[in-house]
Amino acid sequence: MEKGKGVMGSGRRWAVDFSDNSTAPFSRDIPNPLGFTRASVDQDDSTVSRQKKDAESNWKAQKAWEVAQAPFKNLLMMGFMMWMAGNTVHLFSIGITFSALWQPISALQGVGKVFEPYKDSKVELLGPKLLFIALYLGGLALGVWKLNTLGLLPTHASDWVSSLPPAQEVEYSGGGIPL
Amino acid sequence: MAIRSFFIPFLLFVLCFCSSLSPVLSLYEDQVGLMDWHQQYIGKVKQAVFSTQKTGRRRVIVSTEENVIASLDLRHGEIFWRHLLGSNDVINGIDIGLGKYVITLSSGGSILRSWNLPDGQMVWESFLQGPKHSKSLLLVPTNLKIEKDNVIVVFSNGRLHAVSCIDGEVLWKKDFEAESFEAQQVIQPSGSDLIYVVGFSASSQFKMYQINARNGELLKHESATFSSGFLREVSLVSSEMVVALDSTGSILLAISFQNGEISFQETPISNLVEDSSGPAVIIPLSVPGIFVIKTNSVTIFIKVIGKGKFEVVEKTNHETAVSNALPISEGQQAFALVQHAGSEIHLAVKLAHDWDDNLLKESIKMDQQRGIPHKVFINNYIRTDRSHGFRLLIVMEDHSLLLLQQGAVVWSREDGLASIIDVTASELPLERDGVSVAKVEHNLFEWLKGHMLKLKGTLMLASPKDVAAIQSMRIKSSEKSKMTRDHNGFRKLLIVLTRAGKLFALHTGDGRVVWSHLLHKSEACQSPIGLNLYQWQVPHHHALDENPSVLVISRCGPSSDAPGVLSFVDTYTGKELNSLSLIHAVVQVIPLPYTDSTEQRLHLLVDSDKHAHLYPKTSEALSIFKHEFSNIYWYSVEDHNGIIKGHALKCMCIGEVVDEFCFDTRDLWSVVFPSESEKIIATVPRKLNEVVHTQAKVIADQDVMYKYISRNILFVATVAPKCSGGIGSVTPEESWLVAYLIDTVTGRILHRVTHHGARGPVHAVFSENWVVYHYFNLRAHRYEMSVIEIYDQSRADNKDVWKLVFGKHNLTSPISLFSRPEVITKSQSYFFTHSVKAIAVTSTAKGITSEQLLIGTIGDQVLALDKRFLDPRRSVNPTQAEKEEGIIPLTDSLPIIPQSYITHALRVEGLRGIITVPAKLESTTLVFAHGVDLFFTQLAPSRTYDSLTEDFSYALLLITIVALVAAIIVTWRLSERKELQDKWR
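If you're wondering where the values come from, they're calculated on a predicted model, not measured in any experiment. (Residues numbered from 1 in each chain as written. Chains lettered and ligands numbered in written order. Predicted model: local features only at pLDDT ≥ 70, side-chain atom pairs only at ≥ 80, totals over all residues. Heavy atoms only, no water.)

Remarks on the confidence of the model for chain A
Threshold: Per residue, pLDDT captures the predictor's confidence, and it can take any value from 0 to 100. Here, residues are in contact when the closest pair of their heavy atoms is within 4.5 Å.
Overall, the predicted model of chain A reaches an average pLDDT of 78, with 81% of residues at or above 70. Within the model, pLDDT remains below 50 along residues 1-9 of chain A, and this stretch shows 1 contact once partners closer than five positions in the same chain are excluded.

Pasting the structure below:
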């Protein structure tokens, strides 16, 4: 997944696209060759291309929902791992907890990129995105809860008073057995 | 990316591995002497006997005021062997019998022991009983034999014993029926079988008994009365004559008892010395023909010429010590006298019958800080030209012991350090230019050699000789004995006050004496008795240019209302900055928790009339004091009548002289213990300079308990008055011990607990919010230790997290002790195997590190015991959460782990006190144990968590870092190449 992201992302400075684009429409930002007007061609194939587009956007929406639901499995997996790790602080449980915290955070940071391939004017991405975010937030909450059960969150009074200096006494008294 | 994801778990793993190691406190064999040092002393010498036979090593046998018998090497002053007798087994006399046994008489003349001279093994021991208590006299005649058995003659407990030198069997004994007879001398004229016992009876009667040495038969008994009585001391001038003084100290009496006839010859001292003033005292000596008397500060040597005729041979104003006579050749006896004159001492060895002729006359430069000579012992040797040479063993005022020979000090021992009465610590100067630093640099070759040796040691190629060389190099490392402050605060000065009134500064690195200072004598006070040491000025924030100083409180005489003397001594140089002779006595010294702008601590001195005097006497101190006037209280413990009283300051003293630094006090409260059922035997306050990190104690399940931390709590232990006798004097039913925790400001008893069937002695230590005390349980026939922890219940409901997060609580605001605290206590008791001489607790700079109890055991060792073993929350089956917290399952007795003796194989003979000083490094505390011996070490109760240990492998760390860097570079290169290939694909 990471590798794929790298290729698709802005890792490359330039690219020469050798694929045949003769049938597909160019994107808007490339100027048309001289003496060529797109409108006539578009009108010619409008019905065909619209059908094609609809199919594509349907497919994209379906894919987006799939992607959005993917973290659920992950969540179950994480829960199981946490249950296995137990409630004592040691290497394994700390590792699990921190990965459980790190994974949602990094995923939430890259939420736009995950849904970029499915970006389309016709596709409604808000629903899948929300589901995706909610699931990962759930994962995060699970991680925080785990952190708390490990006793690593300052939620008790003891966490705040453990370095409280003793109170000063106003009076002072000395003495003892005479020398 | 790959490296990072590997490295973090690796680090975590290493951390976990380190923390899971169980704490090991013991040392490895090669660590002995790296941080600790041990010094052996003997104390002030009372009596010395030389053993300089041709065969065997030359040695001197000494008995001391610390009840030590020791055999010292005459060449170097080292201890061959040493025995410390118990504190109630005071040595009365020593001598050498048959040239191979050391005979000691001790315990008021009731125990006679014989020790093997070469190795100090005890040969035999005899108990000599008698009808009454009396002076003890030991006489080991060289040529008195009964049936081929050498005889020791002992007069003790009103009875004369003849004891066999071989096996300690009592050959005969003779009681002296006269009730009030007090023997002064036992005389055995050489070459005869007679023993003379002379003494006084009923203050005005002189008695002489002549006894057959073979069977103890009384041959003659004479008595004569002298109407005006006698002073007790006599001087033996010949085998048939003693010299005594009459009861007014103005008439000399020559008492001769030749042939059993007693005759007196009176000579008024005024006839001999024209300007004599005041009563004289006779100095007990045995020099034939010469005796010494002392009037005021004048020492007078008087020679006996003929029968009862005296002649003054010398008068001197100098302090003089005279030795007993030493037979040097046929009929000749020599003696030594040592005079103190300014920075020199004059030695003279004279023949007894010829005053004017000196066998030896020398002057030796003497350190002023050693004071005057107190005692001198003489010994002779034959030079190669068959003339007599002399060596003198001198005991000085500061209890040091010196051997003088051929006009030079051969060796000296600082035996004053055997009787330390108070200790405090001082910082060393900061390292900066111009401060003398111990020489660190040595030449390159030595340096290279040292490193080669170390390398060999690391690679395990070193031979045993090399290992020893490496070890001695580590121990002598100049780093630890530098005269400047170090980053970790391990190097400090220990300022100790000895019974002789001398201050010593010991370096914590190697225990050497940096400076010493004998307390200043003034006109007003001839012999100040040092009492206590206080830190007077500890500059650390302001006034950094000033040197720190200590305050020495001394008293001008033995009675408690004698005027006090204050001395201020600079701890860097040992110079006395100032000395004040007070007009009032010093009964209590209260260091106040306030300092002035030069960081001089304010002290309140209470005199015997309960007036409080403020020091330093400056207006600034007075204004600080006035500001806190109503908050200062003091308490006094009157242990003889069982009352603890609290006092407050009232107003300025009312008297003829206006003294604005003197304050009247009034009684506030008193706690009276019923005298028929309770007697105070121990009171322990908290240490003034103890630092407590936190007031909260986190227990299992993140719960909090608030400690009741107050500087003003006093632990008091009382026992049934019947218990003051020895063990076995009381049944468990009529014996009890009551422990109190008393608030010393208000007099409120915070806690009281009774231990039935328990008795003293009680040793206790008070720190933070707990007290641990040690006593004897008569029912269980075992020693016990109890712990009381005290918690503040009124703070217990401060558990709202949000209030704590935003600081909306009043847990750290100042509190008054007059607001009634609600305290709860938790306590627990455990059996403990040892009886205890002293208990202390480790103290660290911030008070974060967990504490250890330092227990001075009866075997003169110091045992470190984790405070976790004395936790009242221990239970037989702790829950999982409690186990996680570190609570140890309860056992009936405290474990003694052999590895936790911090003195490892050494013994601190005669252990009296343990002092802990925090180092700057939080994990570490410095421990100083003193008795007859001194011992110092560093201790890390929770291991050195804040610094790398000495055996940390820096090489391994470097190799690891280099390997990691190399791996990073290689993988980076590889990944770059791969990426490039990917791009070209």
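Moving on from the model shown.
So, the UniProt feature "transmembrane region" (unreviewed entry) in chain A
Residues and elements named next belong to chain A. Which entries qualify depends on this criterion: UniProt positions are given in the numbering used here, feature names are shortened, and annotations may be inferred rather than shown by experiment. Secondary structure counts use DSSP, requiring at least four H or I residues in a row for a helix and at least two E residues in a row for a strand, with both numbered from the N terminus.
Taking the UniProt record as the reference, the feature "transmembrane region" (unreviewed entry) is found at residues 80-105 and 125-145. With 81% helix and 0% strand, residues 80-105 has its two end C-alpha atoms placed 20 Å apart. A helix fraction of 95% and a strand fraction of 0% characterise residues 125-145, whose end C-alpha atoms lie 30 Å from each other.

Details of the packing of helix 3 (residues 444-458) of chain B against helix 4 (residues 464-475) of chain B
Residues and elements named next belong to chain B. Inclusion rule: Here an axis means a line fitted to C-alpha atoms, over the contact stretch when the element is a helix, while the angle between two N-to-C directions is reported on a 0 to 180 degree scale. Here roughly perpendicular refers to angles of 65 to 115 degrees, roughly parallel to angles under 35, roughly antiparallel to angles over 145, and oblique to all remaining angles. Should the near helix be turned anticlockwise from the far one by less than a right angle, the crossing is termed left-handed; should it be turned clockwise, right-handed. Just so you know the grouping, Ala, Val, Leu, Ile, Met, Phe, Trp, Tyr, Cys and Pro go in nonpolar, Asp, Glu, Lys and Arg go in charged, and all remaining residues, Gly too, go in polar.
Relative orientation of the contacting elements helix 3 and helix 4 amounts to 120°, with a least axis distance of 10 Å. Judged by the inter-axis angle, helix 3 sits oblique to helix 4. Of the two possible hands of crossing, helix 3 and helix 4 adopt the one that is left-handed. Contact residues: helix 3 offers Gly450, Leu453, Lys454, Lys456 and Gly457, while helix 4 offers Asp466, Ala469, Ile470 and Met473. Partitioning the contact of helix 3 with helix 4 into residue classes produces 4 nonpolar, 2 polar and 3 charged.

Examining the side chain of His647 of chain B
Residues and elements named next belong to chain B. Convention followed: Remark: exposure states derive from per-residue accessible area (1.4 Å probe, protein chains only) relative to the maximum for the residue type, with buried under 20%, exposed over 50%, and partly exposed in between. Here a polar contact means two N or O atoms within 3.5 Å. Within protein one must be a hydrogen donor candidate and the other an acceptor candidate, and residues neighboring in sequence count only if both atoms are side-chain atoms.
In this fold, His647 is placed in strand 48 (residues 643-652). Residue His647 is classed as buried on the basis of its relative accessible area of 1%. A polar atom in the side chain of His647 sits 2.9 Å from the side chain of Asp667.

Observations regarding helix 5 (residues 126-149) of chain A
Residues and elements named next belong to chain A. Defined as follows: An expected span of 1.5 Å times one less than the residue number is assigned to each helix.
When the terminal C-alpha atoms of helix 5 are compared, their 34 Å separation across 24 residues agrees well with the 34 Å that a helix rising 1.5 Å per residue should span. Within the span of helix 5, buried status applies to Pro128, Phe132, Leu135, Tyr136, Gly139, Gly143, Lys146 and Leu147. At the exit of helix 5 stands Gly151, carrying a positive phi of roughly 80°.

Re the interface of chain A and chain B
Short version of the rule: Summed over both partners, the accessible area (1.4 Å probe) lost when two parts come together is defined as the buried area. When a carboxyl oxygen of Asp or Glu is within 4 Å of a side-chain nitrogen of Lys or Arg, the pair counts as a salt bridge. DSSP calls a pair of strands paired once it identifies at least 2 bridges connecting them.
Contacts between chain A and chain B engage 27 residues on the former and 57 residues on the latter. Regarding the contact of chain A and chain B, the summed buried area is about 3,800 Å², with carbon and sulfur atoms giving 61% of it. In this assembly, chain A and chain B are joined by 0 salt bridges. Here chain A is connected to chain B by 21 residue pairs in polar contact (both at pLDDT 80 or more). In terms of residue count, strand 1 (residues 172-176) of chain A provides more of the side of chain A that touches chain B than any other element does, 5 residues in total. Residue composition of the side of chain A that touches chain B, grouped by class: 14 nonpolar, 11 polar and 2 charged. Note: strand 1 of chain A against strand 47 (residues 632-638) of chain B, 5 bridges, orientation parallel.

What to know about the nonpolar core
Residues and elements named next belong to chain B. Convention followed: Here, nonpolar core means buried Ala, Val, Leu, Ile, Met, Phe, Trp, Tyr and Cys residues that are tied together by side-chain atoms lying within 4.5 Å of each other.
Judged by nonpolar contacts, the single largest core of 36 residues is most densely connected at Val62, Leu393 and Phe928. Contact partners of Phe928, with chain neighbours within four places excluded, come to Trp37, Ile420, Val423, Leu494, Val496, Leu506, Gly913, Ile914, Ile915, Leu934, Phe935 and Phe936. Counting 30 residues, the second-largest nonpolar core is a separate cluster that includes Ala720, Ala739, Val762 and Ile790.

Considerations on the packing of aromatic side chains
Convention followed: Classification of ring pairs uses Phe, Tyr and Trp, with its six-membered ring standing for Trp, and accepts pairs whose centres are within 6.5 Å; under 30 degrees between planes counts as stacked, over 60 as edge-to-face, and the remaining range as tilted. Ring-over charges, as used throughout, are those where CZ of Arg or NZ of Lys falls within 6 Å of the ring centre and within 35 degrees of the ring normal.
Applying the stated criterion across every chain, the model contains 25 aromatic pairs over all chains. Geometrically, the ring pair formed by Phe115 of chain A and Phe132 of chain A is edge-to-face, given 5.5 Å between the ring centres and 90° between the ring planes. Taken together, the positions of Phe115 of chain A in the loop between helix 4 (111-114) and helix 5 and Phe132 of chain A in helix 5 put the pair 17 residues apart, joining distant regions of the chain. No difference in accessibility class separates Phe115 of chain A from Phe132 of chain A, as the two residues are buried. Ring geometry for Phe200 of chain B and Phe206 of chain B: centres 5.8 Å apart, planes at 65°, overall edge-to-face. Of the two residues, Phe200 of chain B and Phe206 of chain B, neither departs from the other in class, the shared state being buried. Of the aromatic side chains, those joined through ring pairs into one cluster are Phe200, Phe206, Phe226, Phe230 and Phe264 of chain B. Directly above the ring of Trp355 of chain B sits Lys350 of chain B, whose terminal nitrogen or CZ lies 4.6 Å from the centroid. The residue whose ring lies beneath Lys867 of chain B is Trp770 of chain B, and the NZ or CZ to ring-centre distance is 4.8 Å.

Points about the sheet that holds strand 62 (residues 862-866) of chain B
All names here are of chain B. With antiparallel pairing, 3 strands are arranged side by side in an open sheet as 60-61-62. The open sheet has two free edges, formed respectively by strand 60 (836-841) and strand 62, since each of these has just one partner strand. Sheet twist, expressed as the mean angle between neighbouring strand axes with direction ignored, is 25°. Two elements, strand 61 (residues 852-857) and strand 62, share 5 bridges in a ladder whose sense is antiparallel. Bridge pairing in strand 62 places Leu854 opposite Ala864.

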